[in-house]
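# Understanding the architecture of this molecule
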Amino acid sequence: MADEKFDAIVVGAGPSGNACAYTLATRGLKVLQLERGEYPGSKNVQGAILYADALEKIIPDFREDAPLERHIIEQRLWMMDDKSYCGAHYRSEDFNEDKPNRYTIIRAPFDKWFSRRVSEAGALILCETTVTELVRDAHDKVIGVRTDRDGAAIYADIVVLAEGVSGLVGARAGLRSIPKPDTVALAVKEMHFLPRETIEARFNLQGDEGVVIESAGTITKGMAGTGFLYTNKECISIGIGCLISDFTNSDQTPYGLLEAFKQHPSVKPLLAGSEVKEYAAHMIPEGGYKAIPQLFGNGWLIVGDAGQFVNAIHREGSNLAMTTGRIAAETILDLKTRNAPMTANNLAAYKTRLDESFVMKDLKKYKNLPNAFHNKHLFTTYPQLISKAAQTWFRVDGVDKKAKENEILKSFFRTRRVKGLLGDVLGMARGWR
Amino acid sequence: MSTETETNVRVEDKLFQNRYLVDAGRPHITVTPHTVPSPRLLALTHVCPAGCYTQADSGQVEISTDGCVECGTCRVVAEPYGEITWNYPRGGFGVLFKFG
């Protein structure tokens with residue numbers, strides 16, 4: 001292999017790496033993809049929801065053979081305190097469309113499928129191979145990589161770093177820094193298996209219909225974070241995650257938080273009788289627009305989680321990963337067609353294309369929100385106030401309605417005061433704009 | 001509810017569900033020798049989702065990487081301060097997620 005030269009080397013076989021390698025290989029480029037796991041997906045963890053649009057732009061007929069779990073017909077948003085939740089549910093028959101918009105997936109089989117398509121498109125994929133460093137020429141241009149296989153350099157016109165949030169190569173090469181504890185969340189997750197009839201009965205589903213629940217509140221013990229519960233065909237993915245800086249400043253354990261979430265009186269019945277078959281953890285880049293590193297340079301590009309491409313507010317990540325992988329590939333293909341070298345100047349087109357896409361537009365829109373979410377009242381005071389208000393409103397106990405309204409209003413003003421309430425609302429509004 | 005539940009959680013029971021290919025004798029993370037652990041090292045004893053970090057009777061923080069789920073959290077917390085060295089396991093070794 002040492003004598004071979006590739007058009008492109010893609011580091012990592014997650015959604016961004018696969019999207020990039022597939023797009024390059026289908027257009028005839030000679031692609032090498034390196035993956036440190038035993039098989040593609042063996043190191044990857046996600047909730048996981050697949051947003052069809054991003055994949056459809058890469059593999060239009062993916063629904064024919066991709067391992068999809070359930071298409072989502074109902075979204076629940078829960079604000080939780082210790083004993084209650086106050087929620088919004090949206091369910092629509094419109095989501096039972098010919099080409100559904102969102103699916104739950106299980107990452108290991110999904111990544112294996114995607115990787116098989118990459119391989120069929122003609123890319124060479126080497127698993128159990130960890131990239132140890134980038135190789136540069138005398139002009140500091142990246143011209144290849146070294147791996148832990150035999151230490152020999154492998155050369156390519158361009159190296160695409162799709163190495164994920166905890167990727168070492170880019171950080172060691174000084175292309176980006178290690179994420180800061182307040183820009184990255186740690187999420188833990190379990191897979192709970194149940195007969196599919198049980199899942200369908202519990203969640204009011206037919207066939208491959210699915211429900212997802214996103215939740216926030218006292219379940220994170222005052223830390224900035226959220227919990228989730230997604231229905232798959234024969235199992236439920238349940239997890240919870242918080243900013244790492246919040247974890248380090250508390251005495252909470254991630255698994256203790258997950259256990260308490262599972263024991264919540266609104267969650268426990270949904271999991272009753274299930275068999276747990278896996279416990280996983282992963283970091284989620286949550287720093288948003290301001291945490292995005294330099295994305296291109298002489299002979300290299302960064303895609304996916306390694307570039308902090310996660311929209312934490314909308315719980316979107318793998319679609320941004322696939323889209324950045326595709327756009328990186330299209331940039332490379334364009335330069336190849338024009339016989340233009342893979343220099344920083346030429347590769348700046350990648351950033352321009354990203355800026356014009358929903359990826360950067362969405363992240364830019366919420367560039368101030370990560371700060372707003374450092375307000376701990378969002379995860380403690382408000383869930384409790386809202387729960388109390390709902391209970392006051394719905395409990396029929398001989399107290400007149402006007403008095404109930406006054407009691408609810410007073411509880412808000414008593415707890416947060418006018419200044420606090422205004423500040424919280426303005427903080428969120430500013431971030432949202 | 002929560003405090004009782006949390007103290008009863010044994011992370012070992014959770015890790016028991018997972019598949020690992022342990023690279024015996026070649027830990028991919030090491031703790032830098034120290035006499036008094038920093039607040040960051042102490043935080044790792046509860047932040048690590050696999051409970052890999054423990055405080056020995058001597059007060060120092062130790063690591064056993066066998067159950068590591070390779071999330072990178074300890075790297076984010078402690079590597080910039082030189083308090084740990086962090087690498088991936090060799091290609092193919094480490095945790096092997098069946099579902100992910």
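Residues numbered from 1 in each chain as written. Chains lettered and ligands numbered in written order. Predicted model: local features only at pLDDT ≥ 70, side-chain atom pairs only at ≥ 80, totals over all residues. Heavy atoms only, no water.

## Here we look at the UniProt feature "domain: FAD-binding" (unreviewed entry) in chain A
Note the cut-off: UniProt positions are given in the numbering used here, feature names are shortened, and annotations may be inferred rather than shown by experiment. We count a stretch as a helix when DSSP gives it H or I for four or more residues in a row; a strand needs E for two or more, and each element gets its number in order from the N terminus.
If you check UniProt for "domain: FAD-binding" (unreviewed entry), the listed places come out as residues 6-188 of chain A in our numbering. Its end C-alpha atoms 38 Å apart, residues 6-188 of chain A is made of 19% helix and 36% strand.

## Quick look at the side chain of A:Glu316
Residue and element names in this part refer to chain A. Cut-off, in case you're wondering: Burial classes: relative accessible area under 20% of the type maximum marks a residue as buried, over 50% as exposed, and values in between as partly exposed (1.4 Å probe, protein chains only). Charge counting treats Lys and Arg as positive and Asp and Glu as negative, with His and both chain ends excluded. Salt bridge, as applied in this entry: a Lys or Arg side-chain nitrogen positioned within 4 Å of an Asp or Glu carboxyl oxygen. Pairs of N or O atoms within 3.5 Å make up the polar contacts considered here, provided that, within protein, one atom can donate a hydrogen while the other can accept it, and that residues adjacent in sequence are counted only when both atoms are side-chain atoms. Note on definitions: a residue-residue contact is assigned when non-hydrogen atoms from the two residues lie within 4.5 Å.
Within the secondary structure layout, glutamate 316 lies in the loop between strand 17 (300-302) and helix 9 (318-337). Here glutamate 316 is buried and forms no salt bridge, its nearest opposite-charge partner arginine 102 lying at an N-O distance of 8.1 Å. At a separation of 2.9 Å, a polar atom in the side chain of glutamate 316 contacts the side chain of asparagine 319. Setting aside chain neighbours within four positions, we find glutamate 316 in contact with Tyr51, Val310, Asn311 and Phe358.

## Observations regarding the confidence of the model for chain B
All names here are of chain B. Put simply, the rule reads: pLDDT is defined as a per-residue confidence score from the predictor, taking values between 0 and 100.
In this model, chain B carries an average pLDDT of 92, and 93% of its residues clear a pLDDT of 70 or more. Between residues 1-6, whose pLDDT stays under 50, and residues either more than four places distant or in other chains, the model counts twelve contacts. Taken together, the chains of this predicted complex give a pTM of 0.95 and an interface ipTM of 0.93.

## What to know about the pairing of strand 1 (residues 5-11) of chain A
A regular strand places its side chains so that they alternate between the two faces of the sheet. Residue and element names in this part refer to chain A. Selection criterion: Here, a strand pair is defined by DSSP locating no fewer than two bridges between the strands. Note on handedness: a crossover is taken as right-handed if, strands pointing away from the viewer, the path from the first strand over the helix to the second is clockwise.
Within strand 1, six of the seven residues are buried, which leaves it mostly tucked inside the rest of the structure. For strand 1 and strand 10 (residues 153-161), the ladder comprises six bridges, and the chain directions are parallel. Bridge assignment links phenylalanine 6 to a residue of strand 10, and that residue is alanine 156. Crossover strand 1 to strand 2 (residues 31-34) through helix 1 (residues 15-26) is right-handed.

## Focus on the UniProt feature "domain: FixC-like C-terminal" (unreviewed entry) in chain A
The positions that UniProt labels "domain: FixC-like C-terminal" (unreviewed entry) are, in the present scheme, residues 370-433 of chain A. Taken as a whole, residues 370-433 of chain A contains 77% helix and 0% strand, while its terminal C-alpha atoms sit 13 Å from one another.

## With respect to the state of the cysteines
Put simply, the test is: Sulfur atoms of two cysteines make up a disulfide when they are within 2.5 Å.
Taken as a whole and assessed by the stated rule, the structure comprises zero disulfides over all chains. Not part of a disulfide, A:Cys242 finds its nearest cysteine sulfur in B:Cys71, a span of 14 Å. Exposure remark for A:Cys242: the relative accessible area of 0% places this residue in the buried category.

## Observations regarding helix 11 (residues 358-365) of chain A
Our working definition: The arc in question is traced by the directions running from the helix axis to the C-beta atoms.
When we look at burial in helix 11 of chain A, the residues that qualify are A:Val359, A:Met360 and A:Leu363. All buried residues of helix 11 of chain A project into a common sector of 85° when viewed along the axis, lining one side.

## Some thoughts on the environment of A:Tyr90
Residue and element names in this part refer to chain A. With respect to the helices and strands, tyrosine 90 occurs in strand 5 (residues 85-91). In this structure, the C-alpha to C-alpha distance between tyrosine 90 and lysine 376, residues 286 residues apart in sequence, is 27 Å. In this structure, tyrosine 90 is in contact with Ile73, Glu74, Gln75 and Phe95, ignoring residues within four places of it in sequence.

## What about the interface of chain B and chain A?
One frequently used descriptor of interface size is the decrease in accessible area upon assembly of the parts. Here is the rule we go by: A quick way to say it: buried area is the sum, across both parts, of accessible area lost when two parts are put together, with a 1.4 Å probe.
Contacts between the two partners involve 42 residues from chain B, matched on the other side by 61 residues from chain A. When chain B packs against chain A, the two sides together hide about 4,200 Å² of surface, and 58% of this comes from carbon and sulfur. For chain B, the biggest contributors to the area lost against chain A are B:Tyr88, B:Phe97 and B:Phe99; these three give 19% of the whole. In this structure, the connection of chain B to chain A is made through six salt bridges. We note a salt bridge from B:Glu79 to A:Arg172, for which the minimum N-O separation is 3.6 Å.

## Thoughts on the environment of B:Thr85
All names here are of chain B. Relative to the assigned elements, threonine 85 resides in strand 5 (residues 84-86). Accessibility expressed as a relative area gives 41% for threonine 85, which makes it partly exposed. Distance in space between the C-alpha atoms of threonine 85 and phenylalanine 16 is 26 Å, their sequence separation being 69 residues. Beyond its immediate stretch of four places on either side in the chain, threonine 85 contacts His28, Ile29 and Thr30. A polar contact is formed between the side chain of threonine 85 and the side chain of threonine 30, at a distance of 2.5 Å.

## Thoughts on the nonpolar core
Where a protein is soluble and globular, its nonpolar side chains tend to be buried together. For clarity, the threshold we go by: Among buried residues, the Ala, Val, Leu, Ile, Met, Phe, Trp, Tyr and Cys ones that are joined through side-chain atoms within 4.5 Å form a nonpolar core.
Formed by 72 residues in total, the largest nonpolar core has its most connected members in A:Ile9, A:Phe62, A:Phe114 and A:Phe309. Per-element accounting of this core gives the leading share, eight residues, to helix 9 of chain A. When sequence neighbours within four positions are dropped, the list of residues in contact with A:Phe62 reads A:Leu50, A:Ala52, A:Leu55, A:Glu56, A:Leu68, A:Tyr103 and A:Trp113. B:Ala43, B:Ala50, B:Val61 and B:Tyr88 belong to the second largest nonpolar core, which has 63 residues in total.

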